Amino acid sequence: MSSKLDLSLDDLCRVDKGGGGKAASKATTNRASRRTSPYGAPARRVTTGGGGGGGGAGAHSCSVYVGNLAYEVSWQDLKDHCKQVGDVVRADVLLENGTGRSKGCGIVVFGSPKDAKTAIDTLHDTDLKGRAIFVREDREAGAGGGSGGGGGGMFS
């Protein structure tokens, strides 16, 4: 028993002197996990497994993505166009950060997944202010705060 205790004390002394040992490798591992990316955010571990995640097919989302909008389409125009198929909770036209100009797409949140599905089936390829819009399920719905796609995949 005393030899185990002596070894343990030796390992501790080696760490204090900057030597190797189990404790030293743990310290190195902890430093590596705190490393940041060149962009200032903590580095993310790359995995190749699946996982949960927001949105995606079959998630029964109430949000739809509307693309190919004319630049002059406002959120009110989008909401008025979509409310013909169901209860619209919210309609947003996405804007460029620097200029405030429309990106030509938007997100519409319906009161129920059934209304959202009806909108996809009915409003896809309809005309809004001279442009044929496309409507599909919002792939990023449920991801939260615009952080980007769902979990799983390559980066999580």
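The shown structure was predicted, so the numbers you read here are calculated from the model rather than taken from an experiment. (Residues numbered from 1 in each chain as written. Predicted model: local features only at pLDDT ≥ 70, side-chain atom pairs only at ≥ 80, totals over all residues. Heavy atoms only, no water.)

Engineer: Explanation requested: the overall build of the protein chain in the structure shown.
Structural biologist: Along the backbone of the protein chain there are 4 helices and 6 strands. Looking at the protein chain as a whole, 23% of its 156 residues are labelled buried. Long-range contacts, defined here as pairs at least 24 residues apart, represent 64% of the contacts in the protein chain between residues at least 6 apart. Put simply, the protein chain shows about 10600 Å² of open surface, and 53% of that area lies on carbon and sulfur atoms. (Helix = DSSP H or I, 4+ residues; strand = E, 2+ residues; numbered from the N terminus. Buried < 20%, exposed > 50% of the residue type's maximum accessible area, 1.4 Å probe, protein only. Contact = heavy atoms within 4.5 Å. Areas by Shrake-Rupley, 256 points an atom, 1.4 Å probe, with all protein chains shown as cover.)

Engineer: Can you help me understand the packing of aromatic side chains in this one?
Structural biologist: When we look at a pair of aromatic rings, we describe it by the centre distance and by the angle of the planes. Counted according to the given criterion, the structure contains 1 aromatic pair. Judged by centre distance (5.9 Å) and plane angle (40°), the ring pair of Tyr65 and Phe134 falls under tilted. One end of the pair, Tyr65, is in strand β1 (residues 63-67); the other, Phe134, is in strand β6 (residues 134-137), with 69 residues separating them in the sequence. Exposure remark for Tyr65: the relative accessible area of 19% places this residue in the buried category. (Phe/Tyr/Trp six-rings, centres within 6.5 Å; stacked < 30°, edge-to-face > 60°.)

Engineer: Which parts of the structure should I look at to understand unusual backbone geometry?
Structural biologist: Among all residues except glycine, the phi angle is most often negative; among peptide bonds, the trans geometry is most common. Here Asn68, not a glycine, exhibits a phi torsion of approximately 65°, which is positive. Since its relative accessible area comes to 29%, Asn68 is described here as partly exposed.

Engineer: Would you explain the pattern of salt bridges in this entry?
Structural biologist: What the rule picks out here adds up to 4 salt bridges. Of the charged contacts, one joins Lys117 and Asp121 as a salt bridge, the two residues approaching to 3.2 Å between their closest N and O atoms. You can see Lys117 and its partner Asp121 sitting in helix α4 (residues 113-123), 4 residues apart, about one turn around the helix. (Salt bridge = Lys/Arg side-chain N within 4 Å of Asp/Glu carboxyl O.)

Engineer: What exactly am I supposed to notice about the pairing of strand β3 (residues 102-110) here?
Structural biologist: Sheet faces and side chains relate simply in a regular strand, where the side chains alternate between the two faces. Taking burial as the measure, the 9 residues of β3 include 7 buried ones, the bulk of the element. Two elements, β1 and β3, share 5 bridges in a ladder whose sense is antiparallel. What sits directly across from Ser63, in β3, is Val109. In this sheet, β3 lies alongside strand β2 (residues 88-95) in antiparallel orientation, the contact comprising 6 bridges. Across the sheet, Asp92 pairs through a bridge with Ile107, a residue of β3. Remark: 6 residues form the turn of the hairpin made by β2 and β3, two consecutive strands paired antiparallel; Gly100 in that turn has positive phi of roughly 75°. (Pairing = 2+ DSSP bridges.)

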